[in-house]
Protein chains: 2
Amino acid sequence: MKEISLRNIYQQYIDCLNLQDWASLGTFVDDSVVHNGQRFGLSGYKTMLERDFAEIPDLKFAPEFVLESPPFIGCRLMFNCTPKSQFLGLSVNGRHVRFSENVFYHFRDARIVEVWSVIDKQAIEAQLRD
Amino acid sequence: MKEISLRNIYQQYIDCLNLQDWASLGTFVDDSVVHNGQRFGLSGYKTMLERDFAEIPDLKFAPEFVLESPPFIGCRLMFNCTPKSQFLGLSVNGRHVRFSENVFYHFRDARIVEVWSVIDKQAIEAQLRD
């Protein structure tokens, strides 16, 4: 049986997010997942994503490029979206913004066990000043 | 002859930064390097780094982990330092701060040709609120 690459699993995870298919999230995310040092667990991770989509109805995860270095994945995500009101403490209030997220994932048994994510807040601030 | 891995070259690049060995920077950084979409070139890149060390005298680049996925390197950098006054538009004013940078590098012929860097500004803001 051909082993499925982490890159392929990661693309399926991204598809799962964009479909908001929360019933399948546990296929890709471990029960005890840690996000930026906080032990969210699967339910806390799901809560974070649901909140993201509630605050940004047109949210779409779009990888610009993916690095595969098992057991790690690195990804440059691009967002092109319209947060309804506050986002990262900024009053975006329905303005269209474009920003990136540089993110690393540690996989174990084909599931994400830890995430290190940094969102380019400075890029959003610059667009709000325009 | 054994090929030197990108990971090894990257570690030498980090050592070069920490030594502020600007005469050697061109060994690791291409003449026409692009940083976050801006064509800095080697001299502009050097200027950025010199300014960083001027603003943060105890600056030290410390990789937490490195992903090697040729021709890309991904790195989670940790900083534990004391910006003298302003940093990323924040009035740090000699406070000690701890923050990360998630960064990707594209190499060509063993030199960095493009960098995508995101610094965790939110982490610094949180520490300044404490």
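Our subject is the structure listed above.
J.: Would you take a moment to explain the overall build of chain A for this structure?
T.: Along its length, chain A carries three helices and eight strands. Starting at the N terminus, the α and β elements of chain A follow one another as α-β-β-α-β-β-β-β-β-β-α. Here the C-alpha coordinates of chain A stretch approximately 55 × 25 × 25 Å along the principal axes. Counting every position in chain A, which comprises 130 residues, the buried fraction comes to 48%. Restricting to contacts in chain A with at least 6 residues of sequence separation, those with at least 24 account for 52%. Approximately 6,500 Å² of chain A is accessible, and the part contributed by carbon and sulfur atoms is 48%. Between the centroid of the 14 positive side chains of chain A and the centroid of its 17 negative side chains there is a distance of 3 Å.

J.: Just to check I follow, could you spell out the interface of chain A and chain B for this structure?
T.: Reports often express the size of an interface as the amount of accessible area lost when the parts come together. In this complex, chain A contributes 24 residues to the contact, which on the side of chain B involves 24 residues. The contact between chain A and chain B buries some 2,000 Å² in all, and 65% of this surface belongs to carbon and sulfur atoms. For the chain A face of the interface with chain B, the top three residues by lost area are Leu67, Phe104 and Val118 of chain A, together amounting to 31%. A salt bridge links Lys121 of chain B to Glu125 of chain A; the nearest nitrogen and oxygen atoms lie 2.7 Å apart. On inspection of chain A and its partner chain B, the count reaches seven residue pairs in polar contact (both at pLDDT 80 or more). Of all the elements in the fold, those that place two or more residues in the side of chain A that touches chain B are β3 (62-69), β4 (72-81), β7 (97-108), β8 (111-119) and α3 (121-129) of chain A. Tallied by class, the residues present in the side of chain A that touches chain B amount to 11 nonpolar, six polar and seven charged.

J.: Looking at this structure, how should I read helix α2 (residues 41-55) of chain A?
T.: The α-helix advances 3.6 residues per turn, and as a result positions three or four apart in sequence lie on the same side. All names here are of chain A. Under the 1.5 Å per step criterion, the end-to-end length of α2 is 21 Å for 15 residues, consistent within 8% with the ideal 21 Å. Residues of α2 that are buried: Gly41, Tyr45, Met48, Leu49, Asp52 and Phe53. With its buried residues spanning 160° around the axis, α2 presents them on a single face. On its buried side, α2 packs onto α1 (6-18), β1 (29-35), β2 (38-39), β7 and β8.

J.: Which parts of the structure should I look at to understand the relation of the copies chain A and chain B?
T.: In this arrangement, two copies of a chain are superimposed by a rotation about an axis accompanied by a shift along the axis. Once chain A has been moved 0.0 Å along the axis and rotated by 180°, it coincides with chain B to within an RMSD of 0.0 Å. On the angle and the small slide along the axis, the relation comes out as a two-fold axis. When the interface residues of chain A are mapped onto chain B, 100% of them again lie at the interface, so the same face is used by both copies.

J.: It is not clear to me how the packing of α3 of chain A against helix α4 (residues 121-129) of chain B should be interpreted in this structure. Could you clarify?
T.: In contact at an axis separation of 9 Å, α3 of chain A and α4 of chain B are set at 85° when each is read in the N-to-C sense. Of the possible angle classes, the one that applies to α3 of chain A and α4 of chain B is roughly perpendicular. Between α3 of chain A and α4 of chain B, the residues in contact are Lys121, Gln122 and Glu125 of chain A and Lys121, Gln122 and Glu125 of chain B, respectively. Taken together, the residues of the contact of α3 of chain A with α4 of chain B sort by class into no nonpolar, two polar and four charged.

J.: So what exactly am I meant to see when it comes to the sheet that holds β2 of chain A here?
T.: By definition, the strands of a sheet pair up through backbone hydrogen bonds, in either a parallel or an antiparallel sense. Residues and elements named next belong to chain A. With respect to topology, six strands assemble into an open sheet ordered β2-β1-β8-β7-β4-β3, the strand pairing being mixed. Only two strands of the sheet have a single partner each, and these edge strands are β2 and β3. Summarising the sheet, β7 and β8 pair through eight bridges and their orientation is antiparallel. Following the sheet pairing, Val103 is matched in β8 by Ser117.

J.: Could you clarify how one ought to interpret the sheet that holds strand β3 (residues 62-69) of chain B in this entry?
T.: Residues and elements named next belong to chain B. Strand order in the open sheet formed by six strands is β2-β1-β8-β7-β4-β3, and the pairing between neighbours is mixed. Strands at the two margins of the open sheet, each flanked by one partner only, are β2 (38-39) and β3. For strand β1 (residues 29-35) and strand β8 (residues 111-119), the ladder comprises three bridges, and the chain directions are parallel. Paired with Val34 across the strands is Glu114, a residue of β8.

Procedures and definitions
- Residues numbered from 1 in each chain as written.
- Chains lettered and ligands numbered in written order.
- Predicted model: local features only at pLDDT ≥ 70, side-chain atom pairs only at ≥ 80, totals over all residues.
- Heavy atoms only, no water.
- Helix = DSSP H or I, 4+ residues; strand = E, 2+ residues; numbered from the N terminus.
- Buried < 20%, exposed > 50% of the residue type's maximum accessible area, 1.4 Å probe, protein only.
- Contact = heavy atoms within 4.5 Å.
- Areas by Shrake-Rupley, 256 points an atom, 1.4 Å probe, with all protein chains shown as cover.
- Lys, Arg positive; Asp, Glu negative; His and termini not counted.
- Charge placed at Lys NZ, Arg CZ, Asp CG, Glu CD.
- Buried area = accessible area lost by both parts, 1.4 Å probe.
- Salt bridge = Lys/Arg side-chain N within 4 Å of Asp/Glu carboxyl O.
- Polar contact = N/O pair within 3.5 Å; in protein donor to acceptor, adjacent residues only side chain to side chain.
- Nonpolar A, V, L, I, M, F, W, Y, C, P; charged D, E, K, R; others polar.
- Expected span 1.5 Å × (residues − 1).
- Arc of directions from axis to C-beta.
- Least-squares fit on C-alpha atoms with pLDDT ≥ 70 in both.
- Axes fitted to C-alpha atoms, helices over the stretch in contact; angles between N-to-C directions.
- Parallel < 35°, antiparallel > 145°, perpendicular 65-115°, else oblique.
- Pairing = 2+ DSSP bridges.

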